[in-house]
Amino acid sequence: MGDNFYTASLSRTQGRNTWAVIFRHPKRTDPTTGKEGLRVRQSLKTDDEQEAATLRDQMNALLASPQLWDLGAREQALGLFDPRIVDIFFYKLEGGEIDFLALRDGVIALPSSQTSDYRRALFLGTTGAGKTTLLRQLMGTDPLKERFPSTSTAKTTVHETEVILQEGPYCAVVTFFPMEDVREHLKECVSAAVLAAYRNESDSDQMRRLLTHVNQRFRFNYVLGNGPVKDTSDFDDDGNGDNDAESGDLLKRTNDVLASALASVKEIAARYGESLRTELNAADEKDQRVIDELFEEELDNRTRDDEAFQQVVDAIMDEIEERFAPAFLPEGKLQKTKVGWPLTWTWETEDRDAFIASISRFASNYAPLFGTLLTPLVNGVRVSGPFYPAWPNGKPKLVLLDGEGLGHTPRSMSTISTTLSKRIDMVDAVILVDNATQPMLAAPVAAMKELVSSGNSAKLIFAFTHFDKVSGDNLPNPSARSQHVLASAENVLSAIGEDLGPFAERALRARLKTSRVFLADLDQKLDVESKDGKRTASQLGKLLEMIDGIVERPKPIDSRPIYDRMNLVLAVERAAESFHNGWRPRLGLSVKQGMEKEHWTRIKALSRRFAMGSDEYDTLRPVADLKQQLQQRLYVLLQNPVAWNGPEPTDDDKQHIFDAIAEDLSRRLLELASRRVKSERLSDWRSAYDESGPRSTFRRAKLIAERVYDLAAPVPDVTPSPDRNAFLQDVAAVTRESVELVGATLR
């Protein structure tokens, strides 16, 4: 860069008095390009223009002083410049990723069965199966008056919810997504709105795309309202859910900002649209799908570097941050980062009603509150207090963990996320909530495969919901209905056994036989005086006993298995082949029945997420996929030792030994997959994201397949190579460590 230093400028968005500084950071890398000069915009926390100008000049002085850019020069910089300037410059240079679980632990400790009588129970299930409704019953919240946690047939729970049932005051700690994550998702929303404007979609559709991310995780309309554009409805009697909120000055000001943003979106689309189509000679391309793909990607690339595009994002981010002003937050303590982004919100009170009302601002999906909710910005909520149901005799000592639903994916290759794998590892019980009225979908099957192949099948409890809706002329009583549900589940277990081996099926059948409940009318307040209410209360009581009864597993007997390394090679070969066979069709590089090519925008978003340090995008989870394939093939290997170093154990003792090895191996495989797919291939992910121009979609897919996946998980064959050997040695090393941990042998 020589002596040509970056310079800073001032910014103030519509309707706001506070000034912000904008500059290119000489030491921060843009994760999507791998180049220094990341665009930074941060509030200066002042309304005074002269003071803001002075701070801008100080930033320019710092930007022109390379000797002050290193972290070790921070104290020297503090002696020369305002602390606000120093904090902004050194933000993100001072440490790694934030541990949000540790942040919540620092406020409210999560009791463990190892040090207390508490049991941790994790709820898993497809969206709409009723897991959060079941959570409400176990924590005793009123389904009509309190509505906590929130439920819906749609994708409701998108953050981690942790509930501790204990005496004392009601306490809460909420953690928030990092500013960079929120901004990146907002950019994708603005980009989608620009494309909608170019396509001449209605104003209401453009506004919807601006406010709602395509994967529904970030629904900014919860925070900002639905905007000034009224949607057209198929129904004449549609009411508007947020009329009350719109009467407030805050939402009126936000609507002005959104109206201006929509106008800017249209201007950006018009400015780039026709000229880009002409420049790309799209008229010469006969395949309209190729034309659209090429145009959309180039439009996305160019608008993201446009200052007007960035200003739209800046203005909406300012509106989002305004929701954290003291005047709009419920009572409590808000902790922020050094640059002013919210980190945690904490509160403690004896008043249950006030507590529920306050926490709902961070966890609700109640439509009349749209424009004031903070739910999409939250990545974790932990509460504690006397949340006890009325129907049991005692007060259960429970930690209840809920999270995002597993989804309704029809793909048989449904994969559990790496985050969820870690949650399974930290709990005592996993309650698989499934709708009794329909066959099991791919996602709960994937959850069972994950549990059994990671050695955690002993944690599994089946909870069949909507039992009151199971009916038929051949099902005259509850016993017949339960047998009907079980028969459907047993068919799934047989299929799992064919894939993962007899001990996998054996373990799951044992859990289905001994650890199951059938639950009806969970969305209502239980009437224990009625026959149906008494039956459900009895089943819920049985569920509590099952959770409490999951204790430390028996110590394995002295005899240990002996494994052959040659069999390991075969297992790794099959795992790698399955991994590639699952991804090549999704990348559009091959055709496989039952698997569809992913839209180019999702593959590009995946490469962007990896470049930014994540390991997944929505349901695209290559790290979890590789870990899953290795884990499942190695679990089959574990069931087939070549010998035992003592008397052959009983099947029960074998199961305990196999599970002990698999549990440790699962943790090691997660680290291996993350390192090989993510950490060691970061530059290749960035190169994939950088692809642009004609046929860039194909080149990006090919690059991911060949320079990421082929090198991360090369398929072993008769021709040795350094890459194949290194992969085999990596897997053999972690397998040997797990095997030897229990005294077994890999020879």
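Owing to the predicted nature of the structure, the values given are computational and were not obtained by experimental measurement.

### Details of the pairing of strand 2 (residues 20–30)
Counting buried residues along strand 2, eight of its eleven residues qualify, which places the element largely inside the surrounding structure. Across three bridges, the pairing between strand 1 (residues 9–11) and strand 2 is antiparallel. The residue bridging S11 from the neighbouring strand is A20, located in strand 2. Of the pairings in the sheet, the one linking strand 2 to strand 3 (residues 35–43) comprises eight bridges and is antiparallel in character. Paired with H25 across the bridge in strand 3 is L38.

### Points about the sheet that holds strand 13 (residues 516–518)
If you walk across this open sheet you meet the ten strands as 7-8-6-9-5-10-4-11-12-13, and the pairing is mixed. Of all strands in the sheet, those bounded by a partner on one side alone are strand 7 (333–336) and strand 13. When the angles between neighbouring strand axes are averaged without regard to direction, this sheet yields 15°. Where strand 11 (residues 429–435) and strand 12 (residues 460–465) come together, six bridges link them in parallel fashion. When the sheet's bridge partners are listed, N435 is paired in strand 12 with T465. Packed onto the sheet, helix 4 (residues 100–107) meets strand 5 (160–165), strand 6 (170–176), strand 8 (342–349) and strand 9 (378–385) and runs at close to 25° relative to strand 9.

### So, the pattern of salt bridges
In the structure shown here, the tally under the stated rule is 59 salt bridges. Between K395 and E167 there is a salt bridge, and its shortest N-O distance comes to 2.6 Å. Of this pair, K395 sits in the loop between strand 9 and strand 10 (398–402) while E167 sits in the loop between strand 5 and strand 6, placing them 228 residues apart in sequence. With a shortest N-O distance of 2.9 Å, K469 and D468 are connected by a salt bridge. On the accessibility criterion, D468 (29% relative accessible area) is partly exposed. When salt bridges with common partners are traced through the structure, they connect R39, R41, R183, E307, D314 and D318 into a single cluster.

### Points about the pairing of strand 10
Burial of strand 10 is extensive: five of the five residues sit out of reach of the surface. Bridging between strand 4 (residues 119–125) and strand 10 involves four bridges; their strand directions are parallel. Across the sheet, R120 pairs through a bridge with V399, a residue of strand 10. Two elements, strand 5 and strand 10, share four bridges in a ladder whose sense is antiparallel. Considered in strand 10, the bridge of E162 is made with L401.

### Some thoughts on the sheet that holds strand 14 (residues 561–563)
Judged by pairing direction, the sheet is mixed, and its three strands sit side by side in the order 15-14-16 without closing on themselves. Sheet topology places strand 15 (643–644) and strand 16 (745–746) at the edges, where each strand pairs with a single neighbour. With two bridges joining them, strand 14 and strand 15 adopt antiparallel strand pairing. Bridge assignment links P561 to a residue of strand 15, and that residue is W644. In the packing of helix 22 (residues 651–677) onto the sheet, contacts are made with strand 14 and strand 15, and the angle to strand 14 comes to roughly 50°.

### Examining the nonpolar core
Counting residues in each nonpolar core, the largest one holds 107 residues, and the members touching the most others are L134, F220 and I320. No other element matches helix 6 (residues 179–198), which puts ten residues into this core. Here F220 is in contact with V182, H185, L186, C189, L211, G225, I320 and L377, once residues within four sequence places are set aside. Of all hydrophobic cores here, the second largest spans 96 residues; its members include A489, I657, A701 and V742.

### Remarks on unusual backbone geometry
In this structure, N200 is a non-glycine residue whose phi angle is positive, near 60°. Tracing the sequence through the fold places N200 in the loop between helix 6 and helix 7 (203–211). Of note in this structure, D521 is not a glycine but carries a positive phi near 55°. Relative to the helices and strands, D521 resides in the loop between strand 13 and helix 18 (531–549).

### Observations concerning the side chain of S482
Along the polypeptide, S482 turns up in helix 16 (residues 478–500). Accessibility expressed as a relative area gives 11% for S482, which makes it buried. In this view, S482 contacts F467 and F518; residues no more than four positions away in its chain are not counted.

### Structural notes on the packing of aromatic side chains
Counted according to the given criterion, the structure contains 23 aromatic pairs. With a centroid separation of 5.1 Å and an interplanar angle of 90°, the aromatic rings of F503 and F658 are classed as edge-to-face. Here the residue F503 occupies a position in helix 17 (residues 502–514), and F658 occupies one in helix 22, the gap between them amounting to 155 residues. Ring geometry for W583 and Y709: centres 5.2 Å apart, planes at 55°, overall tilted.

### Here's the deal with the packing of helix 6 against helix 20 (residues 600–611)
Contact geometry for helix 6 and helix 20: axes closest at 12 Å, N-to-C directions at 160°. One finds that helix 6 runs roughly antiparallel with respect to helix 20. Considering how the two elements wind past one another, helix 6 and helix 20 form a crossing that is right-handed. For the pair formed by helix 6 and helix 20, the contact residues are E184, H185 and E188 on the first element and A605, R608 and R609 on the second. Class assignment for the residues of the contact of helix 6 with helix 20 results in one nonpolar, one polar and four charged.

### Comments concerning the environment of P641
Mapped onto the elements of the fold, P641 is located in the loop between helix 21 (622–638) and strand 15. The sequence separation of P641 and P561 amounts to 80 residues, and the corresponding C-alpha distance is 5.7 Å.

### Observations regarding the environment of F355
Within the secondary structure, F355 sits in helix 13 (residues 352–363). A residue is classified by how much of its surface remains accessible, and F355, at 1% relative accessible area, is buried. With 29 residues separating them along the chain, F355 and P326 place their C-alpha atoms 17 Å apart. Beyond its immediate sequence surroundings of up to four residues, F355 is in contact with Y170, C171, A172, W347, T349, V383 and F387.

### Quick notes on the side chain of K131
Tracing the backbone shows K131 in helix 5 (residues 131–139). At 2.4 Å, the side chain of K131 and the backbone oxygen of G403 are in polar contact.

### Some remarks on the confidence of the model for the protein chain
Mean pLDDT over the protein chain works out to 88, with 92% of the residues at or above the 70 mark. Note that residues 239–247 has pLDDT below 50 and, in this model, 17 contacts with residues that lie over four places away or in other chains. Here residues 408–413 scores under 50 on pLDDT; set against residues more than four positions off or in separate chains, the count is 15 contacts.

What counts, and at which threshold
Residues numbered from 1 in each chain as written. Predicted model: local features only at pLDDT ≥ 70, side-chain atom pairs only at ≥ 80, totals over all residues. Heavy atoms only, no water. Buried < 20%, exposed > 50% of the residue type's maximum accessible area, 1.4 Å probe, protein only. Helix = DSSP H or I, 4+ residues; strand = E, 2+ residues; numbered from the N terminus. Pairing = 2+ DSSP bridges. Axes fitted to C-alpha atoms, helices over the stretch in contact; angles between N-to-C directions. Contact = heavy atoms within 4.5 Å. Salt bridge = Lys/Arg side-chain N within 4 Å of Asp/Glu carboxyl O. Core = buried A, V, L, I, M, F, W, Y, C linked by side-chain atoms within 4.5 Å. Phe/Tyr/Trp six-rings, centres within 6.5 Å; stacked < 30°, edge-to-face > 60°. Parallel < 35°, antiparallel > 145°, perpendicular 65-115°, else oblique. Left-handed = near helix turned anticlockwise from the far one by under 90°. Nonpolar A, V, L, I, M, F, W, Y, C, P; charged D, E, K, R; others polar. Polar contact = N/O pair within 3.5 Å; in protein donor to acceptor, adjacent residues only side chain to side chain. pLDDT = per-residue confidence, 0-100.

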